[in-house]
Amino acid sequence: MHTSTYFAPQLFIPAGVTNLQFYQAAFGAVEQKRFNNDDGSIHVAELCINGALFHLHEETPRLQLFSPLNTQHASAIIGLFVPDVDVVMQQALAAGATLVSPATSYDYGYRQGEIKDPFGHTWLIQMHC
């Protein structure tokens, strides 16, 4: 049992998804748990990136929880702090991400760039300069 507070976002993916290889190839995510539907598609999966948990959950229309692919809108951007923005962005692009904005160093002390994953979620890949 965890005794500290932490943040674990739940990202929604379209129904019928069976492969989460993108997250492993792009970010080194490790799958912790998976609950499949009868057809083998993912109902819920728990993944971890360097100790940070997040969940992928199939869309739930009755609760109005949809993948950004199906709504064409994002309600959040996932910020991921990494040791080297350029390396992680290249990994993500090679794994199938789409470039939203290239890595840039900003005067407020961050280097960051944005990618969109194959399920429509926008990731802000960033590091302190």
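For the structure, check the block above.
The text that follows walks through the structure, step by step, so that each part is easy to find. All figures in this text were calculated on a predicted structure; none of them were measured in a lab.

1. Examining the sheet that holds strand 5 (residues 77–81)
Right, on to step 1. Overall, mixed pairing links the four strands, which are arranged 5-8-7-6 in an open sheet. The open sheet terminates on both sides in strands that have one partner only, identified here as strand 5 and strand 6 (98–105). Pairwise comparison of adjacent strand axes, ignoring direction, gives a mean angle of 15° for this sheet.
Right, on to step 2. Sheet topology note: the strand 6/strand 7 (residues 110–116) ladder contains five bridges and is antiparallel. Across the sheet, residue T104 finds its bridge partner in strand 7, namely Q112.
Right, on to step 3. Running at roughly 5° to strand 7, helix 3 (residues 85–94) makes contact with strand 6, strand 7 and strand 8 (122–128) of the sheet.

2. Overview of the pattern of salt bridges
Right, on to step 1. Within this structure, the stated rule accounts for two salt bridges.
Right, on to step 2. The salt bridge involving R34 is made with E31; its shortest N-O contact spans 2.9 Å.
Right, on to step 3. A relative accessible area of 30% places R34 in the partly exposed class.
Right, on to step 4. Take E31: its relative accessible area is 27%, and that puts it in the partly exposed class.
Right, on to step 5. Between D86 and R111 there is a salt bridge whose closest N-O contact spans 2.9 Å. Here R111 lies in strand 7 and D86 lies in helix 3, a separation of 25 residues in the sequence.
Right, on to step 6. Given the relative accessible area of 35%, D86 is considered partly exposed.

3. Thoughts on the sheet that holds strand 4 (residues 52–58)
Right, on to step 1. Spatially, 1-4-3-2 is the arrangement adopted by the four strands of the open sheet, whose pairing is mixed. Among the strands making up the open sheet, the edge pair consists of strand 1 (10–13) and strand 2 (30–36). Direction aside, the axes of adjacent strands within the sheet are offset by 20° on average.
Right, on to step 2. As defined by bridge partners, strand 3 (residues 42–49) adjoins strand 4 across six bridges and the pair is classed as antiparallel. Residue pairing in the sheet places I49 in a bridge with A52 of strand 4.

Definitions and cut-offs
Residues numbered from 1 in each chain as written. Predicted model: local features only at pLDDT ≥ 70, side-chain atom pairs only at ≥ 80, totals over all residues. Heavy atoms only, no water. Pairing = 2+ DSSP bridges. Helix = DSSP H or I, 4+ residues; strand = E, 2+ residues; numbered from the N terminus. Axes fitted to C-alpha atoms, helices over the stretch in contact; angles between N-to-C directions. Contact = heavy atoms within 4.5 Å. Salt bridge = Lys/Arg side-chain N within 4 Å of Asp/Glu carboxyl O. Buried < 20%, exposed > 50% of the residue type's maximum accessible area, 1.4 Å probe, protein only.

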